[in-house]
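# Structure at a glance
Chain by chain, the residues:
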Amino acid sequence: MTIAPVHVIGGGLAGSEATWQLAQAGVPVILHEMRPVRRTEAHQTEGLAELVCSNSFRSDDAETNAVGVLHAEMRMANSLIMASGDASQVPAGGALAVDRVAFSDRVSQTLASHPLVTIVREEVTGLPPKDWDLVIISTGPLTAPSLAEAIAAETGADSLAFFDAIAPIVHFDSIDMNVAWFQSRYDKVGPGGTGKDYINCPMTKEQYEAFVGALLAGAKTEFKEWEGTPYFDGCLPIEVMAERGPETLRHGPMKPMGLTNAHNPTVKPYAVVQLRQDNALGTLYNMVGFQTKLKHGEQVRIFRTIPGLENADFARLGGLHRNTYINSPILLDRTLQLKSRPGLRFAGQITGCEGYVESAAIGLLAGRFAAAQRLGKDIKPPPPTTAFGALLGHITGGHIVSDDEPGKRSFQPMNVNFGLFPPLEPGTQLRPEGFEGRFRGKDKALAKKKALAARALADCRRWLDSNNALAAAE
């Protein structure tokens, strides 16, 4: 029996993962990617799954961190994105960070060589034709205007847009290591790491205050059509954070906690700028949390006032890119289908999730849902107790619309976090065996996270096992 293909529009992380899941289930896929026919403001290559904002997949801790749990669930589900990330990782403390080029190359080559995958380089300018009965739109934060307009026309809802900012990248050999030092926060050792995976640049109180003043006074990129755009808190430009108060940065990306200056151990830095390895060779480091909309000349001038970066050679300076997403709780059902047009699914950041891993996870789910539909099989959404289910729940129904602001669009992007998980069942034992003394505060909070994580992974395994008919090559 001939199986009709499923069309996937967009070759980012979500689209690549959806394509992989479909093909592994035995369903032919036609993947439409507009690059290089049409380029974007942020991408630099035509590779699939190109990483734009950062090279980090964040924490890989599957015991106490929600994104680490999502990593683990995706690995259980034979995720191409996680397998490619694991194969191209670079040291990053407790995080999973990757060599961008190696990662994209691996995803691109894996899909291009799959016998059930056809990659078509073209721009899809409107909603797909009706004879494409099963489609996944995963065009991400840089959805082409013509397609965005078509989506808005179909849904009758205005898309919300905001702008993620890109952090600068510095050549390692231009960093003064007589001032800076290697150390992960609290010396934490992560996958492929040593506990000394970040470069740290210390600041005194006077240097910090002068730096914040320069950020506030520096010339920013101005685009009238972008005015009034809300930023997502997880990717705020550094100067926007500085506008929120003089101490904001010191309690955010520039916090000095867990770090000891190797060159002057007895003096505690007032603030610290961290840089994380950006490629496998270790020749490039990105400035952690330094997404910015400062003009390029201002970036060079201001960032070279950071101790250790006085002679910094920037491989890439920061910039902005557009992010468009739909009002998913209103528009999508629990299998990510558009309610007004069954068979048309959305995946990735366009659904209102935030982050590389989250986008890929929603692509994974969309691919599995579409595969089941094409093969005539029944598949239930993942339990809300799993990271998959918690994230899906936020997108398709976890948002509460404010009653006192009728008609106001308030749905916002969200990273996966334990706040999206259902509470633990009453009576769940949290106190570790043999624990003596008071069990409260940090000990209790950590135990709760461990219990949520353990429950999530167990429930995810049961969910995957119940749908193993889809896993043709797992």
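Refer to the structure presented above.
Residues numbered from 1 in each chain as written. Predicted model: local features only at pLDDT ≥ 70, side-chain atom pairs only at ≥ 80, totals over all residues. Heavy atoms only, no water.

### A look at the pairing of strand β2 (residues 29-33)
The buried count for β2 comes to four of five residues, which makes it a mostly enclosed element. Taking the sense of rotation as the criterion, the β-α-β connection linking strand β1 (residues 6-9), helix α1 (residues 13-24) and β2 turns out right-handed. (Buried < 20%, exposed > 50% of the residue type's maximum accessible area, 1.4 Å probe, protein only. Helix = DSSP H or I, 4+ residues; strand = E, 2+ residues; numbered from the N terminus. Right-handed = clockwise from strand over helix to strand, strands pointing away.)

### Some details on the packing of aromatic side chains
Applying the stated criterion across every chain, the model contains 11 aromatic pairs. Between phenylalanine 57 and tyrosine 356, the aromatic rings sit 6.1 Å apart at their centres with planes inclined by 70 degrees, giving edge-to-face as the arrangement. You can see phenylalanine 57 sitting in strand β3 (residues 56-59) and its partner tyrosine 356 sitting in helix α10 (residues 356-375), a full 299 residues away along the chain. Cluster of aromatic residues (ring-pair linked, three or more members): Phe57, Phe103 and Tyr356. Positioned over the ring face of tyrosine 270 is arginine 250, at 3.9 Å from the centre of the ring. (Phe/Tyr/Trp six-rings, centres within 6.5 Å; stacked < 30°, edge-to-face > 60°. Lys NZ or Arg CZ within 6 Å of the ring centre and 35° of its normal.)

### Thoughts on the sheet that holds strand β11 (residues 198-203)
Here six strands make up an open sheet; going across it, the order is β10-β11-β12-β13-β9-β14 and the pairing antiparallel. The two strands at the open ends of the sheet, each matched to only one other strand, are β10 (181-182) and β14 (314-316). Set on the sheet, helix α6 (residues 205-217) makes contact with β11 and β12 (271-277); between it and β11 the angle comes to about 100 degrees. (Pairing = 2+ DSSP bridges. Contact = heavy atoms within 4.5 Å. Axes fitted to C-alpha atoms, helices over the stretch in contact; angles between N-to-C directions.)

### Let's talk about the side chain of glutamine 299
As for its placement among the helices and strands, glutamine 299 is situated in helix α8 (residues 296-303). Residue glutamine 299 is classed as buried on the basis of its relative accessible area, which comes to 0%. One polar contact links the side chain of glutamine 299 to the main-chain carbonyl oxygen of leucine 294, over a distance of 2.8 Å. Other than its neighbours up to four places away in sequence, glutamine 299 contacts Pro168, Thr292, Leu294, Arg304, Leu317 and Gly318. (Polar contact = N/O pair within 3.5 Å; in protein donor to acceptor, adjacent residues only side chain to side chain.)

### Details of the pattern of salt bridges
Here the structure, examined in full by the defined rule, presents 11 salt bridges. A salt bridge links arginine 250 to glutamate 247, with the nearest nitrogen and oxygen atoms 2.8 Å apart. Assessed through its relative accessible area of 17%, arginine 250 is described here as buried. The exposure class assigned to glutamate 247 is partly exposed, which follows from its relative accessible area of 30%. One salt-bridge network, in which partners are shared between bridges, spans Asp60, Arg75 and Asp86. (Salt bridge = Lys/Arg side-chain N within 4 Å of Asp/Glu carboxyl O.)

Everything listed is a geometric property; what it means functionally is a separate question.
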